Amino acid sequence: MFQFDYLFEERYTLGIIIGIIFGLVARLYMLQTDYRQYPTYPHGIIVHMSLGVIAAGLGSVAIPALFEQDYTAVTFLALAAQQFRDVRSMERETLTKIDSSELVPRGSTYIEGIALVFEGRNYLVIFTSFFTALFVVLFSFWVGILAGIVTIIISAMLKTGKTISHVADVYAGKVNVEKSNVYVDDIYMMNVGLKVNQDLIKQHAIGIVLVPKNKNSAASLSNLGQRKAILHDLSTVLGAYRDSGEPALIPMAKLDINDGRLGILLVVKDCNIDKAVQMVKNVPLLESSVRMPSEAPVKGGE
Amino acid sequence: MKRIMAVVTQNKSVVNGKYIFYTNSEEELQQISFTLEKILDATAHQISDDTIMLVDHG
């Protein structure tokens, strides 16, 4: 018969077990597969859960090592960092390969953003199990559980990044086809030569305009990778009305250079403009597209 | 890299370039451009009322 009392006597073992459990819960919580269907189910999930176990194990084993004054053992955390950098390049490679077969590609900035998130979340798992194990060993089982819950909440807060709604006002624009030129409101999008395609655009295209909230957001909107991410997410949800060999129906995002507004033209299957506007607002703001020109240490001229 | 793949025109004075398709009517202009767009996987752009250019935006 297994003796539970034994576990309570062996603080270290208990700490490691509770740490791993909380690390896993944190990983599972951060591994939500939404409309983007990434990571893919079930094997993508299995890969990341397994890596989550390793991360959780590393985080919680560090505590007994520290308490036993086995300081060299802590250096294996460096090994963990190496391991998770590999996760990042694994995700980057996979997504880059997949991207070439997408009708509306994600773009390298979005891919880099996703890969970065995968690496970062493994560190959050280490963080969760490290603190859970620490509190179990230092205080008691219950304090450890409490610490675990708090760290999961902190991880959840760190997990959610900003979205487009933080940097821009989004509203529906009117698609105008004037002779062969296509505009969204007054932003020039492209020239479409064929009457067939012009008619398709009149029927199926939706136009969206993004107005940047300040100078910093204008920099994010002008980032080409951020624009590709918006187009990719929009066409995932609304369905791109195109096929290979139809270059004229490609989704477009063009900037009004004068005032920084971004016009989006998308030929879609589901012409639900309210859904589209909502969708654009929820597109993640890519970390690498963020610039802070207003923070630059330069003063304006007289 | 953008490349001009073909030019379809009703204007006989357009002579410069490799692949020029002369047409006699607006319908024919549209029809030939449509076919070429599918074959060449290039976008048709109208540069004037009687001329359409097919560009590969690669």
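None of these values were measured; they are calculated from a predicted model.

1. Some points on the sheet that holds strand S2 (residues 175-178) of chain A
All names here are of chain A.
Now for step 1: If you walk across this open sheet you meet the 3 strands as S2-S3-S4, and the pairing is antiparallel. Of all strands in the sheet, those bounded by a partner on one side alone are S2 and strand S4 (187-191). If you compare each strand with its neighbour and ignore which way they point, the axes differ by 25° on average.
Now for step 2: Here 4 bridges tie strand S3 (residues 181-184) to S4, and the two strands are oriented antiparallel to one another. Pairing of Asn-181 across the sheet is with Asn-191, part of S4.

2. Section: the confidence of the model for chain B
Now for step 1: Of the residues in chain B, 100% reach a pLDDT of 70 or more, and the chain-wide mean stands at 87.
Now for step 2: ipTM for the predicted complex: 0.86, alongside a pTM of 0.83.

3. Comments concerning the environment of Lys-179 of chain A
Now for step 1: Turning to its location among the elements, Lys-179 of chain A is positioned in the loop between S2 and S3.
Now for step 2: For Lys-179 of chain A and Gln-198 of chain A, which are 19 residues apart along the polypeptide, the C-alpha to C-alpha distance reads 8.7 Å.

4. Looking at the environment of Tyr-171 of chain A
Residues and elements named next belong to chain A.
Now for step 1: By the element assignment, Tyr-171 lies in strand S1 (residues 168-173).
Now for step 2: What makes Tyr-171 partly exposed here is the crowd of 14 C-beta atoms within 10 Å.
Now for step 3: Sequence spacing of Tyr-171 and Asp-274 is 103 residues, and the spatial spacing of their C-alpha atoms is 8.9 Å.
Now for step 4: If sequence neighbours within four positions are ignored, Tyr-171 has contacts with Val-209 and Val-277.

5. Notes on the domain arrangement of chain A
By a frequent convention, interface size equals the accessible area lost on bringing the separate parts together.
Residues and elements named next belong to chain A.
Now for step 1: Per the domain assignment, the segments making up chain A are domain 1 (4-160) and domain 2 (165-287).
Now for step 2: Computed over C-alpha atoms only, the centres of domain 1 and domain 2 are separated by 37 Å.
Now for step 3: With 12 residues of domain 1 at the contact, the number on the domain 2 side is 15 residues.
Now for step 4: Of the residues in the side of domain 1 that touches domain 2, the class split is 6 nonpolar, 4 polar and 2 charged.

6. Re the pairing of strand S6 (residues 252-255) of chain A
Every regular strand shows the same layout, with side chains that alternate between the two sheet faces.
All names here are of chain A.
Now for step 1: Strand direction decides the pairing type here: S6 and strand S7 (residues 262-267), joined by 4 bridges, are antiparallel. Paired with Leu-255 across the strands is Leu-262, a residue of S7.
Now for step 2: Counted between consecutive antiparallel strands, the loop separating S6 from S7 contains 6 residues, among which Gly-260 sits at a positive phi close to 80°.

7. Let's talk about the packing of helix H5 (residues 108-138) of chain A against helix H10 (residues 224-238) of chain A
In helix packing, the relevant descriptors are the interaxial angle and the interaxial distance, both defined with respect to the helix axes.
Residue and element names in this part refer to chain A.
Now for step 1: Contact pair H5 / H10: the axes reach a minimum separation of 7 Å and the direction vectors enclose 85°. On the basis of the axis angle, H5 is roughly perpendicular to H10. Contact with H5, carried on its side by Ser-108, Thr-109 and Tyr-110, involves Gly-225, Gln-226, Lys-228, Ala-229 and His-232 of H10 and no other residues of that element.
Now for step 2: Tallied by class, residues from the contact of H5 with H10 come to 2 nonpolar, 5 polar and 1 charged.

Conventions adopted
Residues numbered from 1 in each chain as written. Chains lettered and ligands numbered in written order. Predicted model: local features only at pLDDT ≥ 70, side-chain atom pairs only at ≥ 80, totals over all residues. Pairing = 2+ DSSP bridges. Helix = DSSP H or I, 4+ residues; strand = E, 2+ residues; numbered from the N terminus. Axes fitted to C-alpha atoms, helices over the stretch in contact; angles between N-to-C directions. pLDDT = per-residue confidence, 0-100. Buried ≥ 20, exposed ≤ 12 C-beta atoms within 10 Å, placed from the backbone. Contact = placed C-beta atoms within 7 Å. Domains from an automatic or database assignment. Nonpolar A, V, L, I, M, F, W, Y, C, P; charged D, E, K, R; others polar. Parallel < 35°, antiparallel > 145°, perpendicular 65-115°, else oblique.

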